[in-house]
Amino acid sequence: MKKRLTLFGMLLLALTMQAQWAQPKEDLSNTARKFTIDLTEDGKAQMVCYLPVTPSGKAIVGVPGGGYSVLSNTHEGYLACGWMNGRGIAYFVVNYRLPNGDRTIPMGDVQKGIRTVRDSASVWGINPHDVGIMGFSAGGHLSSVVSTLSDYDARPDFSILFYPVISMDERVSHKWSCINFLGEEGHKDPKLVGQYSTQNAVRRHLTPPALIISASDDRLVPLVTNGIQYYSAMRMAGNDCSMLVYPTGDHGFGFGPWFKYHDQMLADLGNWLDHLKAPKPGAVKVACIGNSITDGHGIDMATAYGYPAELQKILGDNYWVKNFGVSGRTMLNKGDMPYMNELAWKDALAFEPDVVVIKLGTNDTKPQNWQYGAEFKQDLEQMLLTLCPALKQPAKKNKRARAYEPTKPLIYLCTPIPALKPSWDINDSIIVNGVIPIQQEVAQKYGLKVIDLHTLFAGDADKMQDDGIHPDGKGARRIAEIVAGAIK
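Residues numbered from 1 in each chain as written. Predicted model: local features only at pLDDT ≥ 70, side-chain atom pairs only at ≥ 80, totals over all residues. Heavy atoms only, no water.

Notes on the pattern of salt bridges
And step 1. Taken as a whole, this structure holds 24 salt bridges when the rule is applied.
And step 2. Ionic pairing is found between Glu375 and Lys334, a salt bridge with its closest N-O pair at 3.0 Å. With a gap of 41 residues between them, Glu375 in the loop between helix H14 (367-370) and helix H15 (376-387) and Lys334 in the loop between strand E10 (319-325) and helix H13 (343-350) connect regions that are remote in the sequence.
And step 3. Of the charged contacts in the structure, one is a salt bridge between Asp460 and Lys463, with a shortest N-O distance of 3.2 Å. In this structure, Asp460 and Lys463 share a single accessibility class: buried.
And step 4. Here the residues in one salt-bridge network are Glu310, Lys313, Arg477 and Glu481, joined through shared partners. (Salt bridge = Lys/Arg side-chain N within 4 Å of Asp/Glu carboxyl O. Helix = DSSP H or I, 4+ residues; strand = E, 2+ residues; numbered from the N terminus. Buried < 20%, exposed > 50% of the residue type's maximum accessible area, 1.4 Å probe, protein only.)

Here we look at helix H6 (residues 175-186)
And step 1. Here H6 spans only 13 Å end to end across 12 residues, well under the 16 Å set by a 1.5 Å rise per residue.
And step 2. Of all the positions in H6, only Ser177, Cys178, Ile179, Asn180, Phe181, Leu182, Gly183 and Gly186 are classed as buried.
And step 3. Contact partners of the buried residues in H6: helix H3 (104-119), helix H5 (138-149) and helix H7 (190-195). (Expected span 1.5 Å × (residues − 1). Contact = heavy atoms within 4.5 Å.)

Quick notes on H3
And step 1. Across its 16 residues, H3 extends 22 Å between first and last C-alpha, which sits within 8% of the 22 Å expected from 1.5 Å per residue.
And step 2. Turning to H3, its buried residues are Pro106, Met107, Asp109, Val110, Gln111, Gly113, Ile114, Thr116, Val117 and Arg118.

Concerning the environment of Pro24
And step 1. Structurally, Pro24 is set in the loop between helix H1 (2-22) and strand E1 (31-38).
And step 2. The exposure class of Pro24 is partly exposed, given its relative accessible area of 24%.
And step 3. Here the alpha-carbon distance between Pro24 and Val93, two residues 69 residues apart in the chain, equals 17 Å.

Here we look at the sheet that holds E10
And step 1. Reading across the sheet, the 5 strands line up as E10-E9-E11-E14-E15 and stay open at both edges, with parallel pairing between neighbours. The strands lining the two open edges of the sheet, one partner per strand, are E10 and strand E15 (449-451). Adjacent strand axes in the sheet meet at a mean angle of 20°, parallel and antiparallel pairs treated alike.
And step 2. Summarising the sheet, strand E9 (residues 284-290) and strand E11 (residues 355-359) pair through 5 bridges and their orientation is parallel. Counterpart to Ile289 in the pairing with E11 is Ile358.
And step 3. On the sheet, helix H12 (residues 307-315) packs against E9, E10 and E11 and is oriented at approximately 175° with respect to E10. (Pairing = 2+ DSSP bridges. Axes fitted to C-alpha atoms, helices over the stretch in contact; angles between N-to-C directions.)

Comments concerning the pairing of strand E14 (residues 410-414)
And step 1. Counted residue by residue, E14 has 4 buried out of 5 residues, so it is predominantly covered.
And step 2. In this sheet, E14 lies alongside E11 in parallel orientation, the contact comprising 4 bridges. Within the sheet, the bridge partner assigned to Val355 lies in E14 and is Leu410.
And step 3. In terms of handedness, the path from E14 via helix H16 (residues 428-446) over to E15 forms a crossover that is right-handed. (Right-handed = clockwise from strand over helix to strand, strands pointing away.)

Shown next, in the form of structure tokens:
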């Protein structure tokens, strides 16, 4: 009996050792430097850093899964370092603290990781505007939370979500991820469940491009009620989003070589990353602030075909154009939907632009808004002085050039394009006799340039949508040409 037990013990030991030998190890052949940073003073949250021998400027912050109860940081963490560094990508694995019902703990750790990478970008050979996030399962949920709900400086530039938990509704998601993240009481709160079900947090133009990777036979985190929901929200918003669904693989394959489609997955991921264009270091940053005409209302995939996207194409790689338009918004702070109450406004300020193009005023002409028209000037001035506090000083003239010296950011005021129809009670007469004269007066006061879209676009009625308010795709291109001409 004793001999039989000894043989069993030896067999068990052999199997254990075999499993350890079979476990793939991190490949450091393309790693110039590996080190660990404490993200908290007590060292309970750490970031393991892998800097490549030949940096491309791109960086990815990895967020392991584990149902918010453990960290699966081997195949959902360290194993990716060889492939990443081989492509010149700086790679960072965040070993975040578990929430135990306090969602702010892991959120704060990952946000600290992203900020640390950006703060150290020049030292580590990284483009601070090409820092992505890659999360797995519950780490995919955490990555999507950081991608949608973080402040601008901690929001990644792109997201890679492996078989992500997206919904916090335990009936259609992974129950224990929901409970562990929101807490015993929080996971019963419909408001919290809705807020942290991140398909509800996607914002047009503001949520970064995403790639979702899953297996069709995932039995742990239902694909249809999680990953597909995030993809649908991104696509409905017109944001850049792609999805890779492999026939089999179940849940948790990560970067494990045992995944049947491992090589194909790496090729697909690499191809997606290769086509993900990052802004050129040092590019002139252009912020397009405005209402639905800037947002791209009625233009499918406005992120790619709205006027700011067309402006980017015209200006080229030496410029970085971002769309901060929000449909229906007003310049008036007492309007029905004031622009300066929006996340887009907060993001535009955090963007720290070199050039700002402001196109607001159309929705202000609606009766419920223009009743406060007497405050349009002061609200416009508030926006300008927030963007450029230096405007508080009187505009200085360059005597030699007989022109005003440019401020930073350089601000352009666009007059509204003509309203060909009174759709939504928008009034072209108020645009001409109310909004535009105030814009011209304020521009004169602060030495700003006015782009007179109302006049320059007047002959382009054939480039309007049927509502007579919004330009179509050709109209968006026409606006971009006019604005580009002024900037150049």
